[in-house]
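In case you want the letters, here they are:
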Amino acid sequence: MRGIKKNPYPQPSIRRLPSYLRFLRRLRGEGLLKVSCTEIARELDLDSTQVRKDLALTGIVGRPRIGYGLADLILAIEDFLGWDRTSDAFLAGVGNLGRALIGYDNFRQCGLNIAKVFDTDGDKVGSMVFGRRIHRLGEMPALAAKSGVGLGIITVPAAAAQKVADIMAASGIKGIWNFSPVRLELPSRILVENVELVSSFAILSANMRRKRSRGVAAGHST
Ligand code: NAD
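Treat the numbers as computed from the prediction; the structure is a model and nothing was measured.

Next up on the list: the pattern of salt bridges. All chains considered together, the criterion is met by seven salt bridges. Here Glu-78 ties to Arg-25 by a salt bridge, and the two come within 2.9 Å at their closest N and O atoms. In this pair, Glu-78 is assigned in helix 4 (residues 70-81) and Arg-25 in helix 1 (residues 11-29), connecting sequence segments 53 residues apart. Each of Arg-26, Glu-30 and Glu-43 takes part in one network of salt bridges that share partners.

Taken together, seven strands build an open sheet; the order of strands is 5-6-4-3-7-8-9 and the sheet is mixed. In this open sheet, the two strands that pair with only one neighbour each are strand 5 (128-129) and strand 9 (191-194). Bridge analysis of strand 7 (residues 151-154) against strand 8 (residues 175-178) gives four bridges, and the strand direction is parallel. Bridge pairing links Ile-154 to Asn-178 in strand 8. Of the strands in this sheet, strand 3 (87-92), strand 7 and strand 8 are in contact with helix 7 (residues 158-170), which crosses strand 7 at around 170 degrees.

On the surface, Phe-201, Leu-204 and Met-208 cluster together into a nonpolar patch covering about 320 Å² of accessible area. Mapped onto the fold, Phe-201 is located in helix 8 (residues 197-217). When its relative accessible area of 52% is taken as the criterion, Phe-201 is described as exposed.

Rules of the game
- Residues numbered from 1 in each chain as written.
- Predicted model: local features only at pLDDT ≥ 70, side-chain atom pairs only at ≥ 80, totals over all residues.
- Heavy atoms only, no water.
- Salt bridge = Lys/Arg side-chain N within 4 Å of Asp/Glu carboxyl O.
- Helix = DSSP H or I, 4+ residues; strand = E, 2+ residues; numbered from the N terminus.
- Pairing = 2+ DSSP bridges.
- Contact = heavy atoms within 4.5 Å.
- Axes fitted to C-alpha atoms, helices over the stretch in contact; angles between N-to-C directions.
- Patch = residues over 30% accessible without salt bridge, like charges linked within 9 Å, V, L, I, M, F, W, Y side chains within 5 Å.
- Areas by Shrake-Rupley, 256 points an atom, 1.4 Å probe, with all protein chains shown as cover.
- Buried < 20%, exposed > 50% of the residue type's maximum accessible area, 1.4 Å probe, protein only.

Shown next as structure tokens:
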């Protein structure tokens, strides 16, 4: 519908929240009770006004010269991100990338539980990966109907991605974390977040190139 913004929150702010949370959890582990925007900004090399704006997204307001109660701030960020509850996800494609994601235990700290995993390779189906049985892709709708899963993760080759996304949509999945390089066509009720490690690498690579050419222009040999 016209006039409705697709992303109501500034995406760069959302991207920064996990690093705030990591720092805040560390402070909590050290027994601290309060924290200020200035301390967060100093630790993460950011501007404190930006930090205040980012945190305001969560609905929490700091007190001048006192800052934020650490426990309240952690809860507010976790609640905003939806990380205060566990979401089960189904992952399709237990190859190199799929295995790496399944084996990454720290997703639990973001409330993400890769509950069931799927593949089409007959040699993989029925075997175990990090304590989970690999199911046939065709079993997904029935398993989703049983457990009411909300999230899907796609780590299949590009050629299979749309088909897998369609099966996820038909299984009632509401959000897809898509690692394949395919722009998926799905009903607008389904949220899709595309991940591209190459975009992140492009920033490093371009910055290094710029630094090198500046060095050459200044007559340095490195
Ligand atoms: P891979 O070949 O190691 O694994 C793919 C797996 O998917 C295999 O186990 C295969 O049997 C399975 N598969 C194939 N068709 C399937 C289907 N219809 N349903 C379920 N499973 C199916 O590949 P990989 O290196 O792990 O890469 C997987 C995907 O991730 C590719 O699309 C690749 O381009 C993408 N990728 C993205 C990034 C990123 O930054 N987003 C990084 C690396 C890889």
